[in-house]
Amino acid sequence: SAGREGAVLMGVVLLVRQPTSSLWKLVLLWEAAGQLWTLWYLPIEPRWLLEIPLYLVGDLWAAVFIHLVLAYPSGRLADPFDRRLVAFAYALAVGVKAIALVISPDPCYPTCDSPLRILPSQPAYDLVQFVAIALIPLVMLATLVEYGRHWRRAGPVARRALRPMLVAAPRHRQQVPGATL
């Protein structure tokens with residue numbers, strides 16, 4: 001799609017214009033994380049060797065997107081709160097799914113014959129799912145508040161640099177980390 005090529009092109013342009021910035025790496029990492037599902041088609045046996053890692057990193061794109069939003073335009077996370085929030089987003093995106101692999105009551109979720117499903121429990125699974133779903137809007141709200149703080153601290157020139165992310169980020173994706181537990 002045009003959006004996919006646009007993201008890759010944006011990463012290449014950033015690489016050429018600012019090779020020392022980390023921003024181009026984040027853009028390409030975000031695009032790669034969004035395309036991990038394509039590895040599903042590889043003919044690897046036993047199937048769980050492919051399905052479990054893909055399941056674990058399935059929502060990683062959302063954490064990388066939060067990282068990209070907060071690191072824009074320099075490519076670095078300047079504030080300690082930004083670093084903690086981004087680390088929490090990564091932990092939420094992968095951690096919830098890791099816990100779900102261990103406690104899922106469904107014998108074929110996300111893959112049949114998973115060697116990691118060692119403590120199946122419907123109440124524990126429901127609790128983890130509830131907590132993850134409750135944390136998702138909080139992480140998104142914290143990201144928006146933090147971006148607003150970046151905006152308020154920025155001068156006129158820096159606000160011109162921040163404006164593209166302000167317009168593009170809310171429109172890009174509606175999904176968030178942990179949403180597909």
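Owing to the predicted nature of the structure, the values given are computational and were not obtained by experimental measurement.

The rules behind the values
- Residues numbered from 1 in each chain as written.
- Predicted model: local features only at pLDDT ≥ 70, side-chain atom pairs only at ≥ 80, totals over all residues.
- Heavy atoms only, no water.
- Axes fitted to C-alpha atoms, helices over the stretch in contact; angles between N-to-C directions.
- Helix = DSSP H or I, 4+ residues; strand = E, 2+ residues; numbered from the N terminus.
- Parallel < 35°, antiparallel > 145°, perpendicular 65-115°, else oblique.
- Left-handed = near helix turned anticlockwise from the far one by under 90°.
- Contact = heavy atoms within 4.5 Å.
- Disulfide = S-S within 2.5 Å.
- Buried < 20%, exposed > 50% of the residue type's maximum accessible area, 1.4 Å probe, protein only.
- Phe/Tyr/Trp six-rings, centres within 6.5 Å; stacked < 30°, edge-to-face > 60°.

## Examining the packing of helix H4 (residues 60-71) against helix H6 (residues 122-153)
- The contact between H4 and H6 brings their axes to 10 Å, and the two run at 15°. As summarised for this structure, H4 and H6 are arranged roughly parallel, according to the angle between their axes. Our pair here, H4 against H6, has a crossing hand that is left-handed. Residues Ile66, Val69 and Leu70 of H4 touch H6, and the partners they reach there are Val139, Met140, Thr143, Glu146, Tyr147 and His150.

## As for the state of the cysteines
- In the structure shown here, the tally under the stated rule is one disulfide.
- The disulfide partner of Cys108 is Cys112, and the gap between their sulfur atoms is 1.9 Å. The S-S bond linking Cys108 to Cys112 shows a torsion near 115°; that makes this disulfide right-handed.
- Take Cys112: its relative accessible area is 37%, and that puts it in the partly exposed class.

## A short note on the packing of aromatic side chains
- Taken as a whole, this structure holds two aromatic pairs when the rule is applied.
- With a centroid separation of 5.6 Å and an interplanar angle of 80°, the aromatic rings of Tyr55 and Tyr109 are classed as edge-to-face. Taken together, the positions of Tyr55 in helix H3 (residues 48-56) and Tyr109 in the loop between helix H5 (80-103) and H6 put the pair 54 residues apart, joining distant regions of the chain.
- The class of Tyr55 is buried, set by a relative accessible area of 10%.
- Measuring from ring centre to ring centre gives 6.3 Å for Tyr109 and Tyr125, while their planes differ by 80°; the resulting arrangement is edge-to-face. Residue Tyr109 is located in the loop between H5 and H6, and its partner Tyr125 is located in helix H6; the two are separated by 16 residues in the primary sequence.
- A relative accessible area of 10% means that Tyr125 is categorised as buried.

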